[in-house]
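Report on the structure
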Amino acid sequence: MVVKLDKIFDSAARNSLFKDKFVLQANHTPETIPHRDKEIEQVAAILAPCLKGEKTSNLFIYGNTGTGKTLSVQYVKNELLKRAGTTPFKLKIEYLNCKLKKIADTDYRILAELIKKLGGTVPATGLPTDSVYNKFIDLIDKEKQILILILDEVDQAVKKKSDSFLYNLTRLNAELTNTQICLVGISNDLRFLDDLDPRVKSSLSEEEIVFPPYNALQLQDILRNRAEKAFHKNVIDEGVIEKCAAFAAREHGDARRALDLLRVAGEIAERGGEKKIKLKHIDLANSKIERDKILDLVESDPKQFQLVLSAILSLTEKNEKIFTGEAYRVYQELCRKTGTEVLTQRRVSSIIGEFDMNGLITTKNISRGTYGKTREIKSAIPPEIEGQVKVVLRDALSL
DNA sequence: AGGTATTCACATGAAACTATTCTCTGAGTTAGG
DNA sequence: TAACTCAGAGAATAGTTTCATGTGAATACCTGT
């Protein structure tokens, strides 16, 4: 055993393809952001008045995941702060990601987090929300300053709660005497603004910027840029970058996805003891990412969901087409075996609906005449992963 | 033959219920003055 | 005496059940030829 491990460690140390893997990680901030000049300029133009001590318009930014929204805004933030040292008043810019669970998915938590970032303290729990608001107001209104709040993934914060939080924030300026607040909302859901209270909507989106997805050529640039720093020279085979970009472009131009792909491909090549990243590694990486995504999803689902999925998978073995009724019967069987309580068909039906949403299965409503109307269920899990999914399910359910 | 009525096996929606998590209030505690 | 802490009451939420209503077409049942 020891000998074997030694070998592994040795080879890992010897022929590392990576120079700096961190560059490919999602949270890395590069110095240059290719193909976003126009957007960055727009953002900067809108926020620039804050350098003169004026209140800027609230800004709302849309765009799919991996289109550089967060990156661009962070970049502008840093540039503004660099300049801010020379201004006669204070300029503060706070960035907050509302999606991080357990940190900021209720207005209380978001406020608590903001207060913490601004140097105040709040008990983790126990205070009424209004008093936290007041504390927040006190804290920022103590001195004359301009505060820019960047709320990343605002849609998440609003989806859970109501939009009252945003409403309060937009009205905040009225209560402040010294400080001016500007809001920058970032969201990847284009429809998000539509089901917002009109008052909030108009006030939050005084300005709007849309970040379009990257096309394949732009993705190539981005990848080349980063690959140069991430890998040693000449480790990337001909066409690899192009293929990476093409894959990611298919996925709505998601740059994050492209970088992941390249990184995982690198890891696979390295583990295989190869000196170069080849085209086949991209394919392998693609299916690995896909596989991990599915396995994660399956693993983190609640037990009842796993039971339903097990039922569907065990039926898939036997025949191509599955109907809700059959699936429900097998599911009941499984519940009895595992000693789990049986959910109603109504619920199982909506669980199946959720699987459809996640892309684990596909369903189609069909009518079978006298034999009723039902959903035709097909597993969308690639056959080569199915085995692993089953193992995960078996472990989780201790079958 | 051609038309329409029925019927199946669920889908889909809305409301009600329930267990768990959050928020809030006031009593008790601490610490500073 | 003001500020903090904490337990328990009450509110909010997520997950589920119950009840109600809808649905497309194969089949059964007419109806007049």
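Residues numbered from 1 in each chain as written. Chains lettered and ligands numbered in written order. Predicted model: local features only at pLDDT ≥ 70, side-chain atom pairs only at ≥ 80, totals over all residues. Heavy atoms only, no water.

Each full turn of the α-helix corresponds to 3.6 residues, which orients residues three or four apart in the same direction. With 15 residues, helix 14 (residues 324-338) ought to run about 21 Å at 1.5 Å a step, and its terminal C-alpha atoms sit 21 Å apart, in line with that. Among the residues making up helix 14, those that are buried are Thr324, Ala327, Tyr328, Tyr331, Leu334 and Cys335. Viewed along the axis of helix 14, the buried residues span an arc of 120°, placing them on a single side of the element. Of the residues in helix 14, the exposed ones pointing more than 90 degrees away from the buried face are Arg329, Arg336 and Lys337. Contact partners of the buried residues in helix 14: helix 13 (303-318), strand 6 (322-323), helix 15 (345-358) and strand 8 (373-379). Positive phi shows up at Gly339, right after helix 14, with a value of about 70°. (Helix = DSSP H or I, 4+ residues; strand = E, 2+ residues; numbered from the N terminus. Expected span 1.5 Å × (residues − 1). Buried < 20%, exposed > 50% of the residue type's maximum accessible area, 1.4 Å probe, protein only. Arc of directions from axis to C-beta. Contact = heavy atoms within 4.5 Å.)

Once that is clear, we can look at the state of the cysteines. Structurally, a disulfide amounts to a covalent bond that connects the sulfur atoms of two cysteines. Tallying each qualifying case throughout the model produces zero disulfides. No disulfide involves Cys182; its nearest neighbouring cysteine sulfur is the one of Cys50, lying 6.7 Å away. Residue classification places Cys182 among the buried positions, given a relative accessible area of 0%. (Disulfide = S-S within 2.5 Å.)

To summarise the sheet geometry, strands pair through backbone hydrogen bonds and adopt either a parallel or an antiparallel arrangement. Pairing is parallel across the open sheet formed by five strands, whose spatial order is 2-3-4-1-5. Each having just a single partner strand, strand 2 (90-97) and strand 5 (207-211) make up the two edges of the open sheet. Between one strand axis and the next, the sheet turns by 15° as a mean value, whatever way the strands run. Here strand 3 (residues 145-152) runs beside strand 4 (residues 180-187); their pairing, made up of six bridges, is parallel. Its bridge partner lying in strand 4, Leu151 is registered against Gly185. Across the sheet, helix 2 (residues 37-47) touches strand 1 (59-63), strand 3, strand 4 and strand 5, and the angle it forms with strand 5 is around 165°. Packed onto the sheet, helix 3 (residues 69-84) meets strand 1, strand 2, strand 3, strand 4 and strand 5 and runs at close to 160° relative to strand 2. (Pairing = 2+ DSSP bridges. Axes fitted to C-alpha atoms, helices over the stretch in contact; angles between N-to-C directions.)

The next subject is the protein's contact with DNA strand C. Taken together, 11 residues form the shell around DNA strand C, and within it Thr344, Arg347, Ser367, Gly369 and Thr370 come nearest. Sugar and phosphate atoms represent 73% of those atoms of DNA strand C found within 4 Å of the protein. Between a phosphate oxygen of DNA strand C and a side-chain N or O atom of Arg347, the distance comes to 2.3 Å. (Near = heavy atom within 4 Å. Polar contact = N/O pair within 3.5 Å; in protein donor to acceptor, adjacent residues only side chain to side chain.)

Before going further, it helps to spend a moment on the pattern of salt bridges. Applying the stated rule across the entire model yields 18 salt bridges. In this structure, the salt-bridge partner of Glu386 is Lys390, at a minimum N-O distance of 3.3 Å. Here Glu386 pairs with Lys390, and both are found in helix 16 (residues 383-397), just four residues apart, close to one helical turn. Among the charged side chains, a salt-bridge network with shared partners connects Lys21, Asp260, Arg263 and Glu267. (Salt bridge = Lys/Arg side-chain N within 4 Å of Asp/Glu carboxyl O.)

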